[in-house]
Amino acid sequence: MRLDKFICKSTELTRNEAKKVLKSGEVRVNNEVAKNPAMQVHENNVITIDGQQLSARGSRYYILHKLADTICSNVDEVYPSVLHGIEVDKAFDLHIAGRLDADTTGLVLVTDDGRWSHNVISPKKQCEKTYRVWLRNEIDDDNLSALVAQFDTGLQLQGESSLTRPALLTRVEKDDLVDEASYRSEVLLTITEGKYHQVKRMFAAVGNRVVGLHREQIGTITLGDLAPGEWRELTENEIAQFS
Ligand code: URA
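Quick summary incoming for the structure in this document. These numbers come from a predicted model, not from an experiment.

1. Examining the overall build of the chain
On a plain count of helices and strands, the chain comes out with six helices and 13 strands. Considered along the principal axes of its C-alpha atoms, the chain spans approximately 75 × 35 × 35 Å. Of all 243 residues assigned to the chain, the portion counted as buried reaches 44%. Carbon and sulfur atoms provide 47% of the accessible area of the chain, an area that totals close to 13400 Å².

2. Thoughts on the sheet that holds strand β1 (residues 27-29)
The antiparallel open sheet is built from four strands, whose spatial order is β2-β1-β3-β4. Both edges of this open sheet fall to β2 (32-33) and β4 (52-53), since each of them pairs with a single strand only. With two bridges connecting them, β1 and β2 associate as antiparallel partners. Residue pairing for β2: Val29 is matched across the bridge by Glu32.

3. Things to note about helix α3 (residues 114-121)
For an α-helix, 3.6 residues make a turn, and residues three or four places apart therefore share a direction. Burial in α3 covers these residues: Trp116, Ser117, Asn119 and Val120. Around the axis of α3, the buried residues are gathered within 150° of arc, so they sit on the same side. On the buried face of α3, the contacting elements are β5 (61-66), β6 (95-96), β7 (105-111), β8 (129-135), β11 (210-218) and α6 (236-240). Between the side-chain oxygen of the N-cap and the backbone nitrogen of Arg115 there are 3.2 Å, and the N-cap of α3 in question is Asp113.

The rules behind the values
Residues numbered from 1 in each chain as written. Predicted model: local features only at pLDDT ≥ 70, side-chain atom pairs only at ≥ 80, totals over all residues. Heavy atoms only, no water. Helix = DSSP H or I, 4+ residues; strand = E, 2+ residues; numbered from the N terminus. Buried < 20%, exposed > 50% of the residue type's maximum accessible area, 1.4 Å probe, protein only. Areas by Shrake-Rupley, 256 points an atom, 1.4 Å probe, with all protein chains shown as cover. Pairing = 2+ DSSP bridges. Arc of directions from axis to C-beta. Contact = heavy atoms within 4.5 Å. Polar contact = N/O pair within 3.5 Å; in protein donor to acceptor, adjacent residues only side chain to side chain.

Following this line, the structure appears as structure tokens:
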């Protein structure tokens with residue numbers, strides 16, 4: 001890890017403040033003055049500022065129940081970043097493991113551990129993400145099994161060179177509907193990749209249109225009773241499945 005990043009991770013200092021401290025000559029790595037912010041350091045290096053030894057803070061892992069009209073970016077654009085909702089020190093040093101569109105609600109994982117988020121996102125890791133989807137057009141009984149088979153076989157999305165990976169489509173039965181009025185147009189879709197607007201494009205590819213989208217599950221992690229807008233730390237077990 002870069003020395004300036006290590007200092008940020010183990011103190012309250014921002015990246016700019018860390019660079020200033022480095023310039024001042026107060027930082028030592030294995031007792032040698034170190035001024036280069038890009039210097040690569042490891043956990044077994046002894047790093048001190050003004051004689052005080054730093055110890056690396058562990059990585060951070062959170063789950064957030066995303067509201068509509070927020071964005072999964074570290075920069076506010078038309079809508080505010082979801083990171084405003086996570087009231088921890090240096091929240092903007094965190095990143096989102098698997099972005100959702102501004103109008104999509106539901107489960108978002110947030111961390112500063114790049115290797116961990118790679119395990120969540122990379123299609124090679126085949127991590128399952130389940131979405132509850134509301135569609136403009138109802139799926140009739142007659143069409144259901146053919147559609148399920150199409151999603152299982154893979155769909156050709158515009159601009160993509162390969163079919164989507166097998167996806168599991170199930171229509172939500174009456175007792176399990178979130179919206180009572182949407183029988184036949186409320187479905188669950190489980191996918192193991194995350195192409196741009198993937199769920200919306202998959203339904204567009206079969207002539208339908210997504211009118212509401214909510215992520216319910218990633219791997220075995222669910223929102224449970226986390227209310228919209230709330231967040232919490234992930235448990236050790238939840239973290240372990242992507243470590
Ligand atoms: N697929 C989409 O189309 N949008 C999302 O936000 C997530 C998956």
